[in-house]
Amino acid sequence: MSGHSTYQPQNAFMQWMERRLPIAGLVYSSLIVYPTPRNLNYWWTFGGILSFMLAAQIVTGVVLAMHYTPHVDMAFNSVEQIMRDVNYGWLLRYLHANGASMFFLAAYIHMFRGMYYGSYKEPREVLWILGVILLLLMIMTGFMGYVLPWGQMSFWAATVITNLFSAIPLVGESIVTWLWGGYSVGNPTLNRFYSLHYLLPFVIVGVVVLHVWALHMVGQNNPTGIEPKTERDTVAFTPYATIKDGFFLVVFCILFAWFVFYIPNFLGHPDNYIPANPAVTPTHIVPEWYYLPFYAILRAIPNKLLGVMALGASIVILAFLPWLDTSKVRSARYRPLYRQFFWAFVIVCIGLGWLGSKPPEGNYVLFARIFTVYYFAYFLVILPVLGKVERTKPLPNSIADSVLLEGKPIGAPAPPPPLAKA
Amino acid sequence: MSSAEPTRRDFLYIATASVGAVGAAAALVPLIAQMNPDASTIAAGAPIEVDLTPIADGQVIKVFWRGKPIYVNHRTKKQIEEAENVDVAKLPDPQPDSARVKPGHSQWSVLIGICTHLGCIPIAHQGPYDGYFCPCHGSIYDTSGRIRQGPAPLNLALPPYEFLSDTKIRIG
């Protein structure tokens, strides 16, 4: 996709508008006639789901901000007032809190899809790296948002996470003081977290624009990992992808609604309903579930600085994935050995998450260390080696062939299939 | 559409769009409703009772209800007579004094102290009628709270109130 769209408006006003600000043409070429691989499965709907969740979080967040007070003496009560007094306040709060969980769930699925099908490989490296940046922004935004209710978990999470920076030699303590705006987590900290929590989602919107732009430059990946060659390999985005995205968004929202209406506090920690007490640390201090794997990696390393570095490295290493994986074959569909290591990686991630919720003692620590080793070995050892030694399955000739020759031996010449009428 | 007969696809499109529209409308309801006064604001706006006994003859006090200033004026006999002996038809906003007090309690004038011009609070015991004078743009009201001179278009508004006894009123 490059250059002007093929949009030809019939309406006189639209022609006038199109010459001055071709937004309609942009929507037309990006979302309506945009050629989409015809074989995309439901794992590809999560990009759309993430866009929806971003909008939902911004809308519920802006509305909550009309009632929240970012002062240490009033924050907790303002949230309770939202829950009890504000019309539909309980709904807006639960939508926003559970929405964050759903946002991360969709993001992790979206990333695992990318890893399985090789969507990070040439020419999609920048697309992938923008995604890693988006993950980092999400992590920061979610952390600051969790501090705002000023419960016990809010306060102590703020203390622990900001204290991570004290591991940095020489300048660590100064950085922590600078972050706090004081000698401990207090009102200046809360106020600035509120400001940044409002700001970062709009930064995320900007990076999402870059992410989608990078995507449209090179086109979607697809389950075969081979690029579209002819028009037979693609279909128009609307109605096919639009409806597929819309359908799975509804299914996703059913899960979302299940949490919001039936078990709205299941994913949260009850200690956050206790107002923050700077004198008492809760015995069982844990972050929200979506940070648990990183938390487990941090605690697995017995050294303070190395633990913090491992935590950072566990996210940053994702950015190098396009170069660490040496395989010429994109999709795991045709990489049987890689597939096994991939699923082991998924189990390791989930396992690290579970271990992150456990107290750091005994066998929990042992397994957290083993899993951490696998996590890094996957990127630094397994992927580079696999690409060189793996025997991959033969690739189909084209996307159309892979769809239309179901069950027939790959490599057989495709009989001319009936051309699908639009 | 190329075919004359509506297809199954057309039905599905219209059905999906309709359900989507209903969903979008339903989603808007809480987003808009949350801006209305919440339960604590409504509770804080509950009616108030004012004891009239400490208010001397000729004295005006100011109380607040729902954030609005309310003048409670214990009018003197002279003020009541002057307010009643007026050619109602010549007033900018014609209203007899009797319509602006409770029957049998014409010495008590209870008014919302917000100038009907642009919202300033007029000052009591001012002006040629010993009523109210708004310093912002010079509107002049009488003791009944009726506009006499100046840019204000309407008489001072009356809050909802009732006499619980001769010495106590409930506003709101």
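Refer to the preceding data block for the structure.
Here goes a summary of the coordinates provided. (Residues numbered from 1 in each chain as written. Chains lettered and ligands numbered in written order. Predicted model: local features only at pLDDT ≥ 70, side-chain atom pairs only at ≥ 80, totals over all residues.)

**Points about the overall build of chain B**
- For chain B, the helix and strand inventory stands at three helices and ten strands.
- Starting at the N terminus and ending at the C terminus, chain B contains elements arranged as α-α-β-β-β-α-β-β-β-β-β-β-β.
- The C-alpha radius of gyration of chain B comes to 26 Å, more than 25% above the 16 Å expected for a compact globule of 172 residues.
- Taking the principal axes of its C-alpha atoms as reference, chain B extends roughly 85 × 35 × 30 Å.
- Looking at chain B alone, contacts between residues at least 24 apart form 48% of all its contacts between residues at least 6 apart. (Helix = DSSP H or I, 4+ residues; strand = E, 2+ residues; numbered from the N terminus. Rg over C-alpha atoms; globule rule 2.2 N^0.38 Å. Contact = placed C-beta atoms within 7 Å.)

**Notes on the interface of chain B and chain A**
- Across the boundary between the two partners, chain B contributes nine residues, which contact eleven residues of chain A.
- Secondary-structure elements contributing two or more residues to the side of chain B that touches chain A are α1 (8–33) and α2 (39–44) of chain B.
- At three residues, α1(B) tops the list of elements feeding residues into the side of chain B that touches chain A.

**Digging into α1(B)**
- Relative to the 38 Å expected for 26 residues at 1.5 Å per residue, α1(B) spans 38 Å between its end C-alpha atoms, a close match to the ideal helical length.
- The buried count for α1(B) comes to zero of 26 residues, which makes it a mostly uncovered element. (Expected span 1.5 Å × (residues − 1). Buried ≥ 20, exposed ≤ 12 C-beta atoms within 10 Å, placed from the backbone.)

**Observations regarding the pairing of strand β9 (residues 161–165) of chain B**
All names here are of chain B.
- Counted residue by residue, β9 has zero buried out of five residues, so it is predominantly exposed.
- Of the strand pairs in this sheet, β9 and strand β10 (residues 168–171) are connected by four bridges, and their pairing is antiparallel. Looking at the pairing, Glu162 lines up with Arg170 of β10. (Pairing = 2+ DSSP bridges.)

**Quick word on the nonpolar core**
Residues and elements named next belong to chain A.
- With 52 residues, the main nonpolar core has Phe103, Ala106, Val147 and Trp150 as its most contacted residues.
- Elements with a contribution of two residues or more to this core: α3 (46–65), α4 (75–84), α5 (89–117), α6 (125–147), α7 (152–163), α9 (187–218) and α10 (237–262).
- Looking at this core, the element that brings in the most residues is α5, giving twelve residues.
- Summarising the domain contributions, this core has at least three residues from each of domain 1 (33–278) and domain 2 (286–396).
- Judged by nonpolar contacts, the second largest core, of 18 residues, contains Leu292, Ala300, Leu352 and Ala368. (Core = buried A, V, L, I, M, F, W, Y, C linked by C-beta atoms within 7 Å. Domains from an automatic or database assignment.)

Interpretation note: all reported values are geometric properties and have no functional meaning in isolation.
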